[in-house]
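Given next are the chains, with one letter for each unit.
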Amino acid sequence: MSKEEVVAKTAEFIKNKFANDSTGHDWWHMYRVWQLAKHIAAGEKGADMLVVELAVLLHDIADHKLHGGDTEPGAIAARRWLQSLKVDKQTTDHVENIVRHVSFKSADTQNELDTLEGQVVHDADKLDAMGAIGIARVFSFGGANGRLIYDPDQPPLENYNYELAKLKNTSAVHHFYEKLLILKDRMYTKTGKQMAKHRHKFMEDYLEEFYAEWDGKL
Ligand code: ADP
Ligand code: NI
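Note that this is a predicted model, so its numbers are computed, not measured.

Enquirer: Before we move on, can you summarise empty space enclosed by the protein with the specific residues and values?
Expert: Empty pockets left among the atoms are what a rolling probe the size of a water molecule brings to light. Within the structure shown, the criterion is met by 2 cavities of 30 Å³ or more. If you add up the space inside the second largest cavity, you get close to 50 Å³. Lining the second largest cavity, in full, are H94, N97, I98, E112, L113, D114, T115 and G118. If one sorts the elements of the lining of the second largest cavity by residue count, helix α5 (residues 89–101) sits on top with 3 residues.

Quick look at the structure:
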């Protein structure tokens, strides 16, 4: 099977698998991250595009949050799929490793991605949690999980952290502080950093408007 066929078959597999997903990982998340990854890779030299495209398509195949924090089911599912297509061992091992390490864990854990391909996939995935799309996703996830859009009576947003977040069903606005506003400083690639800067600024401006409207000042 040619590389193009392997990528096309994987895209079709993932599109079918995520057709009706409501956990924030629908097919169009995979699609956007795929386009972002190609864009970011174009700004770097020498990324193996087969690894990038396969890893990006498979990166959320089994979300660790739905498996009690375990990243193994995703890595194993990715490996099984690639083996079924008879993808070579080196590519399969590399993709499996990226799938294992790409997910955001906490504000104080830096992901272990030491290859360019892994870093491209990481940056693409995180960018989709930022900016206008990221804002849409955070409120969509919040609604689907019974969270308020914002609750000023919940823990103060300064010094808000991941451990606190795990204990409470905090509001969607709280999630900006536990994750979305941290992502800018997690980027690995030059293009990822530039794009994250723009998306970060958009989220900051958005929050400023949000609080002004909250207090009836705008
Ligand atoms: P990643 O693929 O980086 O691990 P997640 O699976 O954590 O991303 O999140 C998927 C989407 O759901 C993201 O856009 C994220 O902002 C949103 N999300 C995750 N956790 C929460 C939460 N506690 N409150 C609101 N939105 C959330
Ligand atoms: Ni993702």
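Enquirer: Which residues make up the packing of aromatic side chains, and what values do they have?
Expert: Counting across every chain of the model gives 13 aromatic pairs. Pairing W28 with Y31 gives two aromatic rings, centres 5.2 Å apart and planes at 75°, and the pair type is edge-to-face. In this pair, W28 and Y31 are both assigned in helix α2 (residues 27–42), 3 residues apart and thus about one turn of the helix distant. Consider the rings of F176 and Y206, whose centres lie 6.4 Å apart with planes at 15°: the pair is stacked. Here the residue F176 occupies a position in helix α9 (residues 172–180), and Y206 occupies one in helix α10 (residues 190–214), the gap between them amounting to 30 residues. Taken together, the ring pairs connect F139, Y150, F176, Y206, F210, Y211 and W214 into an aromatic cluster.

Enquirer: Explain the packing of helix α7 (residues 131–144) against α9 to me, and be specific about the residues and the numbers.
Expert: For any two helices packed against each other, the geometry comes down to the angle between their axes and how far apart the axes lie. Relative orientation of the contacting elements α7 and α9 amounts to 125°, with a least axis distance of 9 Å. Comparing their axes, α9 and α7 come out oblique. In this structure, the crossing between α7 and α9 has a hand that is right-handed. When α7 is examined against α9, the residues G134, I135, V138 and F139 are found in contact with a partner set consisting of A172, V173, H175, F176 and L180.

Enquirer: Any chance you could break down unusual backbone geometry for me, citing the residues and the numbers?
Expert: Of note in this structure, K86 is not a glycine but carries a positive phi near 60°. Look at K86 and you get exposed, because its relative accessible area is 73%.

Enquirer: Residue-level account of the nonpolar core, with values.
Expert: Counting residues in hydrophobic clusters, the biggest one holds 53 residues, and the most contacted among them are I14, W27, L57, L58, V95, L127 and F176. Once residues within four sequence positions are removed from consideration, W27 is found in contact with A11, I14, K15, F18, W34 and L57.

Enquirer: Residues and numbers for the environment of E44, please.
Expert: Relative to the assigned elements, E44 resides in the loop between α2 and α3 (49–58). Remark: the alpha-carbon pair of E44 and K190, spanning 146 residues in sequence, is separated by 7.7 Å. Setting aside residues no more than four positions away along its own chain, E44 makes contact with L116, T189, K190 and T191.

Rules behind the numbers
Residues numbered from 1 in each chain as written. Chains lettered and ligands numbered in written order. Predicted model: local features only at pLDDT ≥ 70, side-chain atom pairs only at ≥ 80, totals over all residues. Heavy atoms only, no water. 1 Å grid on protein atoms, 1.4 Å probe; cavity = no way out; pocket = protein on both sides within 12 Å on 5 of 7 lines; lining within 4 Å. Points joined across faces, edges and corners; volume = space filled by probe spheres on them. Helix = DSSP H or I, 4+ residues; strand = E, 2+ residues; numbered from the N terminus. Phe/Tyr/Trp six-rings, centres within 6.5 Å; stacked < 30°, edge-to-face > 60°. Axes fitted to C-alpha atoms, helices over the stretch in contact; angles between N-to-C directions. Parallel < 35°, antiparallel > 145°, perpendicular 65-115°, else oblique. Left-handed = near helix turned anticlockwise from the far one by under 90°. Contact = heavy atoms within 4.5 Å. Buried < 20%, exposed > 50% of the residue type's maximum accessible area, 1.4 Å probe, protein only. Core = buried A, V, L, I, M, F, W, Y, C linked by side-chain atoms within 4.5 Å.

Everything listed here is a matter of coordinates, which is why it stays silent on function.
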